[in-house]
Amino acid sequence: MKQKSSQELLQEMQIAGQKRDQAQHKLERLENRAAYLQKGERAKRTHHLCNIGGTVEHFIPATREMDKAAIYLLFEQLTELPEVQTFLAHYEGGDPPSHSTTSM
């Protein structure tokens, strides 16, 4: 078996270092991509929640003056109503009612 010269060992070490740097860069790109996607999902959820809050305030303006506990109590009472339970059951089953067939 031929023993490698110091020049060959140095060259192999440089190549290994380049590969390590490339792998590190690829890992950083993947981590950045994951963070970007997670941020997008959080932004979508935040947008959705803001839309829901705006809808609640539109139909029940008094909620603007309520604290979190009062709003929670309001929704607990609303969701206990039979008509609301029937309406929500359609969404839990994956087949929401059309706007023309709902009567509340």
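In this text, all values refer to a predicted model and were calculated from it rather than measured experimentally.

Undergrad: Would you mind going over the overall build of the protein chain in detail, with residue names and values included?
TA: Secondary structure assignment for the protein chain yields three helices and zero strands. In the protein chain, the succession of helices and strands from N to C terminus is α-α-α. By residue count, 6% of the 104 residues in the protein chain fall in the buried class. For the protein chain, the exposed area adds up to about 9,700 Å²; of that, 57% sits on carbon and sulfur atoms.

Undergrad: Now, about the side chain of T63: what can you tell me, with residues and values included?
TA: Note that T63 resides in the loop between α1 (6–59) and α2 (68–80). A distance of 2.8 Å separates a polar side-chain atom of T63 from the backbone oxygen of I60. Residues contacting T63, with those up to four places away along its chain left out, are V56, E57, I71 and L74.

Undergrad: So what's going on with the environment of E8? Residues and values would help.
TA: Along the chain, the position of E8 falls in helix α1. A residue is classified by how much of its surface remains accessible, and E8, at 30% relative accessible area, is partly exposed. In this structure the side chain of E8 is engaged in a polar contact, spanning 3.0 Å, whose partner is the backbone nitrogen of S5.

Undergrad: I'd like a description of the pattern of salt bridges, backed by residues and values.
TA: One pass over the full model with this rule turns up four salt bridges. With its nearest N and O atoms 3.0 Å apart, the salt bridge here joins D21 to R20. A salt bridge links R64 to E57, with the shortest nitrogen-to-oxygen separation between them at 3.6 Å. According to the relative accessible area criterion, E57 is partly exposed, its value standing at 33%.

Undergrad: Can you tell me about the packing of aromatic side chains, naming the residues and giving the values?
TA: Counted according to the given criterion, the structure contains one aromatic pair. For the pair F87 and Y91, a centre-to-centre distance of 5.3 Å together with 55° between the ring planes defines the contact as tilted. Within this pair, F87 and its partner Y91 are both found in helix α3 (residues 82–92), separated by four residues, close to a single helical turn.

Cut-offs used in this document
- Residues numbered from 1 in each chain as written.
- Predicted model: local features only at pLDDT ≥ 70, side-chain atom pairs only at ≥ 80, totals over all residues.
- Heavy atoms only, no water.
- Helix = DSSP H or I, 4+ residues; strand = E, 2+ residues; numbered from the N terminus.
- Buried < 20%, exposed > 50% of the residue type's maximum accessible area, 1.4 Å probe, protein only.
- Areas by Shrake-Rupley, 256 points an atom, 1.4 Å probe, with all protein chains shown as cover.
- Polar contact = N/O pair within 3.5 Å; in protein donor to acceptor, adjacent residues only side chain to side chain.
- Contact = heavy atoms within 4.5 Å.
- Salt bridge = Lys/Arg side-chain N within 4 Å of Asp/Glu carboxyl O.
- Phe/Tyr/Trp six-rings, centres within 6.5 Å; stacked < 30°, edge-to-face > 60°.

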